[in-house]
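Now for the letters of each chain:
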Amino acid sequence: MSNTYLTYAAKRLSQALVVILLAYVFTFVVVSILPGDPITSVLRNPQNGFTEEEIAEIIAAQGLDKPVLVQLWNALSAFLTGDLGMSMRSNRPVSSLIAEVLPSTLILASAGLAVALVLATAVAYGSRFIPRRYGQGLLRGFPSLFLSVPNFVIGLVLIHVFGFQLGLFRVINPDSFWATLFAAIALGIPVSAQIAEVLIANLDKEAEQEYATVASSRGIGQARLFAKHLLKPASLPVVTVIALTIGELLGGSLITETVFGRTGVGSLVQRSVSTQDLPVLQAVVSLGAVVFVLVNLIADLLYPLLDPRVKLLGRPKRRPTAADDPSLDTKAVTS
């Protein structure tokens with residue numbers, strides 16, 4: 001591993017840390033200026049039955065009686081050490097609340113990404129090798145169609161058709177295999193659009209290269225040409241697209257969980273918004289930013305390893321000319 005790559009990796013890592021810190025500060029500021037008073041809506045709600053002494057203790061424990069800058073510094077210091085605070089609603093550690101629902105969201109997001117990759121690869125293959133009379137042009141229009149339909153609409157259609165009409169899964173059991181599969185399909189279809197568009201464009205570009213023409217002239221099959229010669233160079237930009245769609249996967253999974261009735265981070269966010277549980281909201285948004293930044297960091301670090309042509313640092317060296325060194329002037333030498 002070269003020193004240039006290590007310098008590049010260190011630079012990208014430092015940039016990622018700065019972005020995470022700025023995202024946390026931005027989240028803290030936005031959550032702090034939201035309308036409504038969490039102390040009044042949560043602690044002084046008659047249904048909760050807190051006394052004034054208990055309310056004062058909770059406020060002091062949360063640090064809400066201190067200036068905003070002090071609250072920000074304390075929260076940021078705790079976040080860097082892995083302490084996400086205590087929930088104002090349940091008086092439990094926020095990390096425990098997130099740990100209970102995070103596996104369900106990760107399973108859904110991972111399955112949605114797998115569906116998106118399979119669907120995008122199938123559409124890209126068909127748009128390249130299926131004859132025009134069999135719908136090649138129609139397949140090329142699928143990414144635009146997928147991108148224009150929200151995932152909650154797709155989810156409602158899948159629930160109606162496969163849940164109510166065909167009875168493949170029961171809505172009251174959203175964690176079953178079939179329910180998870182159709183939730184992943186609803187999540188993965190819009191995400192596959194962006195991957196398919198990039199893959200189709202790069203397949204067209206790679207198919208025009210000389211190596212692809214030579215491979216075709218040797219009489220190899222379309223599937224082998226696609227898998228062995230075209231897919232790898234055409235899929236390099238897909239790494240960047242996948243990293244950028246992680247945010248859409250996380251955000252879409254929250255909506256999809258609500259549509260399919262799954263218990264995940266989405267339901268936790270919904271409860272926290274309704275009760276203005278600020279520590280939970282801040283922790284979820286901040287962790288989402290951390291995941292998004294880390295995934296993009298991994299993509300940035302992998303891309304130079306997958307494609308050696310990527311320039312890491314600095315500008316390409318300019319060849320010296322006769323203006324820089326008179327000895328390079330061919331006329332002066334020959335004379």
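- Going by what an unreviewed UniProt entry lists, the protein chain is known as Peptide/nickel transport system permease protein and is assigned to Rhizobium azibense.
- As recorded by UniProt, the Sequence similarities (unreviewed entry) comment attached to the protein chain reads in full: "Belongs to the binding-protein-dependent transport system permease family."

1. A word on the overall build of the protein chain
Phase 1: Summing up its helical and strand segments, the protein chain has 15 helices and zero strands in all.
Phase 2: The burial tally for the protein chain puts 37% of its 335 residues in the buried class.
Phase 3: For the protein chain, contacts bridging at least 24 residues in sequence account for 72% of all contacts bridging at least 6.

2. Concerning the packing of helix H12 (residues 236-260) against helix H13 (residues 265-275)
Geometry of a packed helix pair, given as the angle between the helix axes and the separation of the axes.
Phase 1: H13 packs onto H12 with a crossing angle of 85° between their chain directions and a minimal axis gap of 7 Å. The pairing of H12 with H13 is recorded here as roughly perpendicular in orientation. Contacts between H12 and H13 involve Leu-254, Glu-257 and Thr-258 from the former and Val-265, Gly-266, Ser-267 and Gln-270 from the latter.
Phase 2: The class makeup of the residues in the contact of H12 with H13 is two nonpolar, four polar and one charged.

3. Section: the side chain of Ser-272
Phase 1: Of note, Ser-272 is situated in helix H13.
Phase 2: Side-chain polar atoms of Ser-272 contact the backbone oxygen of Leu-268, separated by 2.7 Å.
Phase 3: The residues touching Ser-272, leaving out its near neighbours within four places in the chain, are Asp-277, Val-280 and Leu-281.

4. Examining the packing of aromatic side chains
Phase 1: Counted by the stated rule, this structure contains six aromatic pairs.
Phase 2: Centre to centre, the rings of Tyr-24 and Phe-79 are 4.5 Å apart; their planes meet at 25°, and the pair counts as stacked. Separated by 55 residues along the polypeptide, Tyr-24 in helix H1 (residues 3-32) and Phe-79 in helix H4 (residues 68-80) bring together distant segments of the chain. For the pair shown, Tyr-24 and Phe-79 are each scored as buried.
Phase 3: Aromatic rings pair up to connect Phe-162, Phe-169, Phe-177, Trp-178, Phe-182 and Phe-260 into one cluster.

5. Things to note about the UniProt feature "transmembrane region" (unreviewed entry) in the protein chain
Phase 1: When the UniProt feature table is mapped to this numbering, "transmembrane region" (unreviewed entry) covers residues 12-34, 101-125, 145-165, 177-200, 234-260 and 280-306.
Phase 2: With 96% helix and 0% strand, residues 234-260 has end C-alpha atoms that lie 35 Å from one another.

6. Details of helix H5 (residues 94-129)
Phase 1: Along its 36 residues, H5 runs 51 Å from first to last C-alpha, staying within 8% of the 52 Å computed at 1.5 Å per residue.
Phase 2: Taken as a whole, H5 carries its principal kink of about 40° at Val-101; the proline Pro-103 stands between one and four residues after it.

7. Description of the nonpolar core
Phase 1: Of all hydrophobic cores here, the largest spans 36 residues; its most connected members are Phe-169, Ile-195, Leu-199, Leu-203, Leu-249 and Phe-260.
Phase 2: Of all the secondary-structure elements, those providing two or more residues to this core are H5, helix H8 (151-165), helix H9 (177-207), helix H11 (222-234) and H12.
Phase 3: Top element by residues in this core is H9. It accounts for 14 residues.
Phase 4: If we skip the residues at most four places from it in the chain, Ile-195 touches Ala-116, Leu-117, Ala-120, Val-238, Val-241 and Ile-242.

8. Concerning the pattern of salt bridges
Phase 1: This model, assessed by the stated rule, comprises three salt bridges.
Phase 2: For Arg-12, the salt bridge goes to Asp-300, with nearest N and O atoms at 2.3 Å. Taken as a pair, Arg-12 in helix H1 and Asp-300 in helix H14 (residues 278-306) lie far apart in primary sequence, 288 residues in all.
Phase 3: For Arg-12, a relative accessible area of 16% puts it in the buried group.
Phase 4: A salt bridge links Glu-100 to Arg-92, with the nearest nitrogen and oxygen atoms 2.5 Å apart.

9. A few points about a nonpolar patch on the surface
Phase 1: Taken together, the side chains of Phe-152, Val-153, Leu-156, Val-157, Val-161, Leu-166, Leu-168, Phe-177, Trp-178 and Ile-255 define a hydrophobic patch exposed on the protein surface, amounting to about 910 Å² of accessible area.
Phase 2: At the level of elements, H8 and H9 are the ones that each hand at least two residues to the nonpolar patch.
Phase 3: Among the elements that take part in the nonpolar patch, H8 stands out by supplying five residues, more than any other.
Phase 4: Looking at where Leu-168 falls in the secondary structure, it is placed in the loop between H8 and H9.

10. Considering the confidence of the model for the protein chain
Phase 1: In this model, the protein chain carries an average pLDDT of 77, and 80% of its residues clear a pLDDT of 70 or more.
Phase 2: Per-element mean pLDDT across the protein chain ranges from 41 in helix H15 (residues 330-334) up to 89 in H8.
Phase 3: Under a pLDDT of 50 for its full length, residues 322-335 has, in the predicted model, six contacts with residues more than four places off or in other chains.

11. A word on the packing of H8 against H9
Phase 1: Contact geometry of H8 with H9 gives a least axis separation of 8 Å together with a crossing angle of 145°. Along this stretch, H8 crosses H9, giving a crossing that reads as right-handed. Contacts from Asn-151, Ile-154, Gly-155, Leu-158 and Phe-162 in H8 reach Phe-182, Ile-185, Ala-186, Leu-187, Ile-189 and Pro-190 in H9.
Phase 2: Residue composition of the contact of H8 with H9, by class: nine nonpolar, two polar and no charged.

12. A word on the environment of Trp-178
Phase 1: Note that Trp-178 resides in helix H9.
Phase 2: The class of Trp-178 is partly exposed, set by a relative accessible area of 40%.
Phase 3: Separated by ten residues in sequence, Trp-178 and Leu-168 place their C-alpha atoms 6.8 Å apart.
Phase 4: Apart from residues no more than four positions distant in its own chain, Trp-178 is found in contact with Leu-168 and Phe-169.

Conventions used here
- Residues numbered from 1 in each chain as written.
- Predicted model: local features only at pLDDT ≥ 70, side-chain atom pairs only at ≥ 80, totals over all residues.
- Heavy atoms only, no water.
- UniProt positions renumbered as here; feature names shortened; annotations may be inferred.
- Helix = DSSP H or I, 4+ residues; strand = E, 2+ residues; numbered from the N terminus.
- Buried < 20%, exposed > 50% of the residue type's maximum accessible area, 1.4 Å probe, protein only.
- Contact = heavy atoms within 4.5 Å.
- Axes fitted to C-alpha atoms, helices over the stretch in contact; angles between N-to-C directions.
- Parallel < 35°, antiparallel > 145°, perpendicular 65-115°, else oblique.
- Nonpolar A, V, L, I, M, F, W, Y, C, P; charged D, E, K, R; others polar.
- Polar contact = N/O pair within 3.5 Å; in protein donor to acceptor, adjacent residues only side chain to side chain.
- Phe/Tyr/Trp six-rings, centres within 6.5 Å; stacked < 30°, edge-to-face > 60°.
- Expected span 1.5 Å × (residues − 1).
- Bend = angle between axes of the 7 residues up to and from the residue.
- Core = buried A, V, L, I, M, F, W, Y, C linked by side-chain atoms within 4.5 Å.
- Salt bridge = Lys/Arg side-chain N within 4 Å of Asp/Glu carboxyl O.
- Patch = residues over 30% accessible without salt bridge, like charges linked within 9 Å, V, L, I, M, F, W, Y side chains within 5 Å.
- Areas by Shrake-Rupley, 256 points an atom, 1.4 Å probe, with all protein chains shown as cover.
- pLDDT = per-residue confidence, 0-100.
- Left-handed = near helix turned anticlockwise from the far one by under 90°.

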